[in-house]
Amino acid sequence: MKKTLLILIILTLNSCFMFKENGIEMKIKNNSNETITNVEFTTTEKLEIIKIDKIEPNESVTEFLSMRKNKTDGAYSLTFNRSNGKKEISGGGYYTNGGSLDHLVDFIVENDTTIVKFDGPIY
């Protein structure tokens, strides 16, 4: 009976981590006065890319970037075009052995800058 209980506890604890998909949730809030277009969020390996046509002022978008195919170390990259045609590139964060060290990255696009915040894993 004790052996069965121990096995049940181990399987339960293991299942908490087994079904968690490898990746990172990405949120972009457009706090600028103009629409941003051609938004792309990816990793250094560029195996998966989140593409968003446009984000209007005061609008936010949240999506999940799967990293199940990633195998190496790298960083995250956000690119988009401002209404004047200027291409913006924001990079940061770090993942290792194809696995995200954070569960969320939050981008806040202002008129003259992009603020990036990472939030650690949820256990």
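The present account deals with the structure reproduced in this document. Remember, it's a predicted structure, so these values are computed and weren't measured experimentally.

### Concerning the overall build of the protein
Of the regular secondary structure elements, the protein holds 1 helix and 9 strands. Secondary structure elements of the protein, listed N to C terminal, follow the sequence α-β-β-β-β-β-β-β-β-β. When burial is assessed residue by residue, the protein has 32% of its 123 residues classed as buried. Looking at the protein alone, contacts between residues at least 24 apart form 58% of all its contacts between residues at least 6 apart. Accessible surface, the protein: about 7900 Å² in total, of which carbon and sulfur atoms supply 54%.

### Brief notes about the pattern of salt bridges
When the charged atoms of two side chains with opposite charge come close together, those side chains can pair. Applying the stated criterion across every chain, the model contains 4 salt bridges. Measuring nitrogen to oxygen at the nearest pair gives 3.4 Å for the salt bridge that ties Glu48 to Lys69. Within this pair, whereas Glu48 is found in the loop between strand E2 (36–43) and strand E3 (49–55), its partner Lys69 is found in the loop between strand E4 (60–66) and strand E5 (74–81), the two being separated by 21 residues in sequence. Judged by its relative accessible area of 23%, Glu48 is partly exposed. Note that Lys54 and Glu56 form a salt bridge whose closest N and O atoms lie 3.4 Å from each other. Residue classification places Glu56 among the partly exposed residues on the basis of a relative accessible area of 29%. One salt-bridge network, in which partners are shared between bridges, spans Arg82, Lys86 and Glu88.

### Considering the pairing of strand E8 (residues 104–109)
Here E8 lies mainly inside the structure; 5 of its 6 residues are buried. Sheet analysis places strand E1 (residues 23–30) next to E8, joined by 6 bridges and oriented parallel. Paired with Lys27 across the bridge in E8 is Asp106. Direction of pairing for E8 relative to strand E9 (residues 114–119): antiparallel, over a ladder of 6 bridges. Note on E9: the bridge partner recorded for Phe107 is Val116.

### Topic: the packing of aromatic side chains
Centre-to-centre distance and the angle between the planes together describe a pair of aromatic rings. Counted by the stated rule, this structure contains 4 aromatic pairs. Ring centres 5.7 Å apart and planes at 70° place the aromatic pair Phe41 and Phe107 in the edge-to-face group. Pair noted here: Phe41 is in strand E2 and Phe107 is in strand E8, with a separation of 66 residues, a long-range link. Residue class for Phe41 comes out buried when judged on its relative accessible area of 1%.

Rules used throughout
Residue positions are counted from 1 within each chain, in the order its sequence is given. Note on the predicted model: pLDDT of at least 70 is required for a residue's local features to be given, and 80 or more for side-chain atom pairs to be given and counted; whole-chain, interface and lining totals, by contrast, use all residues. Excluding hydrogens and water, the side-chain figures rest on all heavy atoms present in the structure. We count a stretch as a helix when DSSP gives it H or I for four or more residues in a row; a strand needs E for two or more, and each element gets its number in order from the N terminus. Type-normalised accessible area, obtained with a 1.4 Å probe on protein chains alone, sets the label of each residue: buried when under 20%, exposed when over 50%, and partly exposed for intermediate values. The criterion used for residue contact is that any of the two residues' heavy atoms lie within 4.5 Å. Accessible areas in this description were obtained via Shrake-Rupley with a 1.4 Å probe; residue shielding takes into account the shown protein chains only. Here a salt bridge means any side-chain nitrogen of Lys or Arg lying within 4 Å of a carboxyl oxygen belonging to Asp or Glu. Here the rule is simple: two strands pair whenever DSSP picks up at least two bridges between them. Ring pairs are drawn from Phe, Tyr and Trp, using the six-membered ring of Trp, whenever the two centres fall within 6.5 Å, and their geometry is named by plane angle: stacked under 30 degrees, edge-to-face over 60, tilted for the rest.

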